[in-house]
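These are the residues of each chain, in order.
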Amino acid sequence: MRALQTLFTQGRIAVTALALLLVLFLGLNVLSSSLLTSTRLDLTEEGLYSLSDATEELIENIEEPITLKFYYSQALGRNVPFYGIYAGRVRDLLGEYEARSGGKIKVEIYDPQPFTELEDRAVADGLQQIPLQEGGEQVFFGIAGTNLTDDREVIPFLQPEREPFLEYDISRLIYALATTQRTVVGIVTSLPMDGTVRMNAMGQQTPVPAYIIADQIGATYETRYLEADFEKIPDDVTVLMLAHPGELGPKAQFAIDQFILGGGKALIMVDPDSETEGGQAQFFGRSAPDSSDLPILFKHWGVAYDPSKIAADRLTARKVQPGQGQRPVDYVAWLELRGGNIDKSSPITTNVDTIAVASTGHIALADDAPVKMTPLFSTSLGSMELDAEQVKGMRTPQTLLRNYVPGPDAFVLAARLTAEKITTAFPDGPPEPEPVEGEQAPSAEEIAAYKALFPNVLMESAAPLDVIVVADSDILADRFWVQVQQFFGRRVPVPVSGNGDFVLNALDALSGSSSLLGLRGRGSTARPFEVLDRIQREAEKEYAAQEERLQKTLSETEKRFDELRRAMPEGAAAIISDEERAEIERYRQEILRIRGELRAVQRSVRGNVDRLESDLWFYNIALVPILVTVLALLLALWRVIRRRRIQGQAG
């Protein structure tokens, strides 16, 4: 009887404990849902879902209140649940901005219904309407920000593809509203960065959209495009961006010289071979040059740059498909730099994981150079120098790979040049205007007017030199670093490399603005499997020659076989001799044998990769359940042994 009462008491205690645990669980959920709405544990490698230190600094520097209006149609979430989940993420992040701002940021959330005043307000704020279905209800999913002076910045539609960049997009919007006077960036380029018209082979005009990077620069800075024949940099320009400027004469280089000596900063992007907009790309009224250089300034600064030489790197080469049906090969002139190729100690590149370049030049510093050079990104040790003519048009990637001979050094592709003091590259003053071919020589009045632009010629710098030189301009081209998607007439950029981050970081560093430096580069969609890539490259290198020999033999055999069949008259199948029939069969068997060998070689290339993939599959899917099962069996066995030992001691 006493045992029964004890059992009953223990059962009642267990039930009570379970009830208390249930109450505690529900209470914790209620408290967390009301008090911890913006609190989350971020386990991503780069902390993509945490408010960064850069955002904290940006919020602290806000001087006037900013209102963020989040327009989200609940109907969108009901019809497409994924958007509802993403909307919750956006709402939480905006709440965190508001909570951390101390009242400087106010968040308003709206659900615009069709045919209402709120819908009209969303349209007036610049948000994009999209139909749930053809002819159906129009919905909104975007953010509009305003400040006290009625400036407006908008994210028209929050694309799920840009979720890794959500904090950057919102912080960039806040930065634009909080900055009362934007830095002026003067741009000199032969590229159609701001959009232009291309002349096709038929002489028709085809519109070319602006570069994505040009749109992003314009969203942060005030941009001013200068004509190629400029004589002086405007006084209000703070940073000069030279993007494949072509052949700049002494007058233009003197203007740059005086701008820099006066304290101006410059981002200089030259190129030995513009892959994107080279000589064949005809634009409205002009054609972009193949190469670009600043010979006078570079020589004076002690910068060694040869516009006829290209840096090739076998270890960072991008894969390209040389022809239809052919297997991709490493193109040693197109590089994807990452890891040790990028200087992580510089604030310009610290958050940049990948940089893609194409037919890039390289720079070095003379022993007696008056400037200091800090490399930003470089090729790998064992790189090779190529003549630009060898890679124009990307005609022979296999040949370049086969003839690749590793050198002893790495090449610097981009660097920051600094100096406390530097003298002018034009000690004799402004250069004499050069006569243009086919035009009259400048008159005395024109020469006097030109020299009057520089009443006080600077002989030495008034402020420390700060210039960034990049030996590639294809880094700007969309196709090398971003995937552009069309969404109801709008272009949605999804970066796959950090080119845009690098360029914007460089402009930030030169302009003295660091508010967004820590945000860029936090969400590149490229996540390469570096071990797999290395194994595949080693296998391809080992079997490349054998595969090329078999491909050539197969092509020659198939050609001889086709020639033999074409030489026979129609209807010859019934009258050909036994020798001819045997020769045809011999060719057919030879083709089958070579194809079999080729497949075996290609399987060998994939062998190590497939084995590693199988190992990863086993470790990720099968190993953990097996270990848990073994552990459970061992625990059960231990409990049985322990119980028997206790029973044995009791007996």
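Look up: the structure comes first, before these words.
Quick summary incoming for the structure in this document. In this text the structure is predicted, and so the values were computed from the model without any measurement. (Residues numbered from 1 in each chain as written. Predicted model: local features only at pLDDT ≥ 70, side-chain atom pairs only at ≥ 80, totals over all residues. Heavy atoms only, no water.)

1. Let's talk about the side chain of asparagine 341
The test is simple: Comment: elements are numbered from the N terminus, with helices defined as DSSP H or I runs of at least four residues and strands as E runs of at least two. For each residue, the accessible area found with a 1.4 Å probe, counting protein chains only, is set against the maximum for its type, and the residue is called buried under 20%, exposed over 50%, and partly exposed in between. Any two residues whose heavy atoms approach within 4.5 Å at even a single point are treated as in contact.
On the secondary structure map, asparagine 341 appears in the loop between β18 (329–338) and β19 (354–358). On the basis of relative accessibility, which here comes to 11%, the residue asparagine 341 falls in the buried class. Discounting residues that sit within four places of it in the chain, asparagine 341 has contacts with Thr316, Leu376, Phe377, Ser378, Thr379 and Ser380.

2. Quick word on the nonpolar core
For clarity, the threshold we go by: We call a set of buried residues a nonpolar core when its members are Ala, Val, Leu, Ile, Met, Phe, Trp, Tyr or Cys and they connect through side-chain atoms within 4.5 Å of each other.
Core analysis: the biggest nonpolar cluster contains 42 residues, and Met193, Met241, Leu267, Phe377, Leu476, Phe502 and Val503 have the highest contact counts within it. With seven residues, the top contributor of residues to this core is helix α13 (residues 499–511). Beyond its immediate stretch of four places on either side in the chain, phenylalanine 377 contacts Leu337, Asn341, Ile342, Ile355, Val357, Val412, Leu413, Ala414, Val470, Ile475 and Phe502. Of all hydrophobic cores here, the second largest spans 41 residues; its members include Leu248, Val371, Leu417 and Leu465.

3. Quick word on the sheet that holds strand β17 (residues 317–320)
The test is simple: Two strands make a pair as long as DSSP finds a minimum of two bridges between them. For every element, the axis is a line fit to its C-alpha atoms; helices are fit only across the contacting stretch, and the angle between N-to-C directions ranges from 0 to 180 degrees.
Taken together, the three strands give an open sheet; going across it, the order is β17-β18-β19, and neighbouring strands pair in antiparallel fashion. On the outer flanks of this sheet lie β17 and β19, each paired with one strand and no other. Averaged over all neighbouring strand pairs, the angle between strand axes comes to 45 degrees, with direction disregarded. In this structure, β17 lies alongside β18, joined through four bridges in antiparallel fashion. Across the sheet, valine 320 pairs through a bridge with valine 329, a residue of β18.

4. Quick notes on the pairing of strand β7 (residues 184–189)
Where burial is concerned, most of β7 is hidden: six out of the six residues are buried. Direction of pairing for β7 relative to strand β11 (residues 239–243): parallel, over a ladder of five bridges. Bridge pairing links threonine 189 to alanine 243 in β11.

5. Comments concerning the pattern of salt bridges
Quick note on the threshold: Think of a salt bridge as a Lys or Arg side-chain nitrogen and an Asp or Glu carboxyl oxygen that are within 4 Å of each other.
All chains considered together, the criterion is met by 23 salt bridges. With a closest N to O distance of 2.7 Å, arginine 224 and aspartate 236 form a salt bridge. Taken together, the positions of arginine 224 in strand β10 (residues 222–225) and aspartate 236 in the loop between β10 and β11 put the pair 12 residues apart, joining distant regions of the chain. Classification of arginine 224 by relative accessible area gives partly exposed; the value is 27%. A salt bridge links glutamate 460 to lysine 421, with the nearest nitrogen and oxygen atoms 3.9 Å apart. Remark: lysine 421 occurs in the loop between β23 (412–419) and α11 (444–451) and glutamate 460 occurs in the loop between α11 and β24 (465–470); sequence separation between them is 39 residues. Several salt bridges share partner residues, and in doing so they unite Glu56, Glu96 and Arg100 into one network.

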